[in-house]
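Here's the letter readout for the chains.
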Amino acid sequence: MDPPPNSFSMLLLSMMGRPMGLESVQATACSRWGAPGDKSVSQDGDVIIGGLFNLYYIPSAMDQDFTKLPHYEHCAGLDVESLKHMYAMAFAVEEINRNNTLLPGVKLGYRILDTCARYPWALQGAMSLVGGDAQRCNLTASMSRSAAYEQSGETAGGQPAPLLIGAASSTTGIMLSRILGSLFVPVISYLASCPCLSDRPKFPNFFRTIPSDIYQARAMARLAIRFNWTWTGAVIVNNDYGQLAIKVFQEEVQGKGVCLEFIETVRRETISIDAKRAALTIQASSARVILIFCWYTDVKKVLLELSKINVTDRQFLASEAWSTSDDLLQDQTISKVANGVVGVAIRSSSIPGFENYLRSLHPIHRPNDDFLREFWQKEFGCSPGATQLNASLQKASLPPCSGTESLEGVQHPFTDTSRLRVEYNVYLAVYAAAHALHSLLSCTDGDRFLTNISTCSSPEHIKPIELLQYLNKVNVTTPQGEMFYFQGADIPAKYDLVNWQKTSEGPLKLVLVGGVDGFNLHLNESAVQWSTGSSQVPVSVCSESCPAGTRKANRKGEPVCCFDCIPCAEGEISNKDGSLHCERCPSDFWSNVERTACIPRQLDFLSFNETLGITLTTAAVSGAAVTTAVFVVFLCYRQTPMVRANNSELSFLLLLSLKLCFLCSLVFIGRPAVWSCRLQQAAFGISFVLCVSCLLVKTLVVLAVFRSARPGAETLMKWFGPGQQRGSVCFFTSIQVIICATWLSLSPPVPQRDLGFQGSKVTLECAMASVVGFSLVLGYIGLLACTCLLLAFLARKLPDNFNEAKLITFSMLIFCAVWVAFVPAYVSSPGKYVVAVEIFAILASSYGLLLCIFAPKCFIILLRPEKNTKKHLMAR
């Protein structure tokens, strides 16, 4: 919670980077920037704790370049909140002095100085407190004065403070820690929150009772992640407070889908211009959630500019620097813009008795309290009498007080202790110091061994380095029952989560809606009133979350929060919103239509119920029926020359084999089973070999008949008698039977699911366990077919009016063409269409044989009976 540094801080920090002694730094500060005012509050004690608070400020000089001012003008404008911080320290000291168990027998005192929010005065005040010099800005003289005090027992006004409670900003904390580090004087800050101060090697004497800014930035990042605010903007102050906070925020949300559309930086020197620019950026932005890491005065400028252009639909996330600002909450001009603010705030707590303590304050009881006197004049419009106060400091224009003025029963921010935040930090700091002093002053032998301390200290001889060692080991329970300890410079991080809500009176009110404990965030969402005026969480996204069944696809050249939604491919799913990738389904599953779930694949095979199966079945049955009809015709006309020519027995056997060829195709249709997988290839191979064998023998007979007509070849026909023809057919067929039997006994086809084809269905097929066996079956059929084709081709021109060799030639040409085309079609067909291709080849070749060989014969038998004579058949 740090106001921006000015030019003095930069100069002083650069000075501390040079090899200069304490006296050189002190001399530079005192001579160049003058001496601070002498207003202070003190209480005598055996041990004095120093306190530094920003009790005053100069509204008109907040942006001055202090390097150009030889001396300060008098501070003006008493800050009531800071005054309450100071009295929290005084109250804690008085409460400890009443405690019989903490620092028994030791009275704790304090001396509090005002720094007027000026770094030079903070430095000079620290030197004065540590050195015990109440008036002079001279560290060397102060240290000498301290030594003299130890020997002579002078008044406590010159008693040095072994510990300081102060540093209301990180810049002040860095400055005091580095300057006082060589003296090992502990500094406990109640407001310095820069993460850099956690570096123990650089700041070994620094402690604080406020968490590092890292935790509030992380808390805001987790709010953005929790509510899926993936598209946000940020306004930050141009110093370490803003830069470090936004850096931590970005680190925390990295890889979690939260992006910053813009980061606007504002400077104190040009706040009016910067606030207007930031307001216009917010207005033009599509982000509905805006983070603001700024000092409350800067935030007020930005909100006023937004109010002028009527931007009231943004949800603001507030840092602790402005989340509890009464100045903003009470300003009705920005209430429409600031309604619904959710912010991280310094954790609040109660301090029992503190309200009564504040209400009991009165200048009569504290005649040396310059700050209370001025507060009294401001609030009651009167000036205490000269008998009570220093007349030189009395305001002549104010009437004297009656003495009846009191804070009892007065409703005032000064006496409001319902939500003590910084006051509780100050309170904890005093108790930490008290427990460290208690341990130091009542040390045991074990303590001395751990801290390398030879003897126990006394209140008159407290060494800051010893106190520093005990402060590092503080681990106690506060009066509120809270465990308190330091982790290096820090305490365990705890924050409140607050919400700005509308009231019927007009101003906004601050409502506690949750808290942060370390890395854990607790939020009562039902208690939050968002900027929409309802409990509906605002939406702030660049692209709407991709629904289930799609995935994100980043847009080229845009942040990762801006994307398109691409449907998942077949076989892939995404079952939640905002998926980055689609997941592939297992091999036995496939994606549903919506691509949101994997469902079991349907078994797919060529069935009798589907159109293709019905068509092929009809073709097969029709072929078998036609073959049967031809068989009946030939049987009825078996005594005619057309049937008896070229061995009618072979014709009947050929018709029987063709019928088996048509019928064997039916075995390929239906759900594959073990028996059907074995039967279909055997039936196919044997039926076709029987068919082709008949044609081959017929062709051989035709050749033999015409060859026997030549002189000297009469005996040739005795080798092609009916018995030899039947034996030849059986011999050719038996070879195929042996091949099939061997194949099916060694490695038969088996039913198997084909997962290779990507689709919603899995093909159930008869897998060829042995490609060699199937190749031999086809190869043998091909060998017989090629031989038959060759012989029929040679016999096609033999002198005969009806030469059957011509018919066989055409039929075998069709047969070979079908099976040559079958091989590539079979290999390239997917799923069940492999079976369909094989059935089509069987039927096409069977129809080719049936029609080419028997159609001409049936035509003569049935339609041209006059040509069904031996004379006509034998004519040339």
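Here is a short report on the structure shown in this document. (Residues numbered from 1 in each chain as written. Predicted model: local features only at pLDDT ≥ 70, side-chain atom pairs only at ≥ 80, totals over all residues. Heavy atoms only, no water.)

## Some points on the overall build of the chain
Part 1 of the reasoning: Assigned secondary structure in the chain consists of 26 helices and 27 strands.
Part 2 of the reasoning: Of all 876 residues assigned to the chain, the portion counted as buried reaches 53%.
Part 3 of the reasoning: A separation threshold of at least 6 residues defines the contact pool for the chain, and within that pool the share at least 24 residues apart is 71%.
Part 4 of the reasoning: Here the chain displays about 38,600 Å² of accessible surface, and carbon together with sulfur accounts for 57% of that area. (Helix = DSSP H or I, 4+ residues; strand = E, 2+ residues; numbered from the N terminus. Buried < 20%, exposed > 50% of the residue type's maximum accessible area, 1.4 Å probe, protein only. Contact = heavy atoms within 4.5 Å. Areas by Shrake-Rupley, 256 points an atom, 1.4 Å probe, with all protein chains shown as cover.)

## Thoughts on the state of the cysteines
Part 1 of the reasoning: Enumeration according to the criterion identifies 8 disulfides in this entry.
Part 2 of the reasoning: The side chain of Cys194 participates in a disulfide bridge whose partner is Cys196; the two sulfur atoms lie 2.4 Å from each other. The sign of the S-S torsion, about 135 degrees, decides the handedness of the disulfide formed by Cys194 and Cys196: right-handed.
Part 3 of the reasoning: Owing to a relative accessible area of 5%, Cys194 belongs among the buried residues under this scheme.
Part 4 of the reasoning: Put simply, Cys585 and Cys598 are joined by a disulfide, and their sulfur atoms are 2.0 Å apart. Residues Cys585 and Cys598 share a disulfide whose torsion about the S-S bond is about -90 degrees; that sign makes it left-handed. Taken as a pair, Cys585 in the loop between strand 22 (583-584) and strand 23 (589-591) and Cys598 in strand 24 (residues 598-600) lie far apart in primary sequence, 13 residues in all. (Disulfide = S-S within 2.5 Å.)

## Structural notes on the packing of helix 24 (residues 804-828) against helix 25 (residues 833-863)
Part 1 of the reasoning: Where helix 24 meets helix 25, the closest approach of the two axes is 9 Å, and the angle between their N-to-C directions is 170 degrees. Taken together, the axes of helix 24 and helix 25 are roughly antiparallel relative to one another.
Part 2 of the reasoning: Class assignment of the residues belonging to the contact of helix 24 with helix 25 gives a composition of 19 nonpolar, 3 polar and 3 charged. (Axes fitted to C-alpha atoms, helices over the stretch in contact; angles between N-to-C directions. Parallel < 35°, antiparallel > 145°, perpendicular 65-115°, else oblique. Nonpolar A, V, L, I, M, F, W, Y, C, P; charged D, E, K, R; others polar.)

## Overview of the side chain of Thr415
Part 1 of the reasoning: Note on placement: Thr415 falls in the loop between helix 14 (370-380) and helix 15 (422-441).
Part 2 of the reasoning: With residues near it in sequence (within four places) discarded, Thr415 still touches Glu355, Leu358, Arg359, Leu407 and Val410.

## A word on the environment of Leu512
Part 1 of the reasoning: Within the secondary structure, Leu512 sits in strand 17 (residues 509-517).
Part 2 of the reasoning: For Leu512 and Leu523, which are 11 residues apart along the polypeptide, the C-alpha to C-alpha distance reads 9.4 Å.
Part 3 of the reasoning: Not counting residues up to four positions away in its chain, the partners in contact with Leu512 are Arg419, Asp496, Leu497 and Val498.

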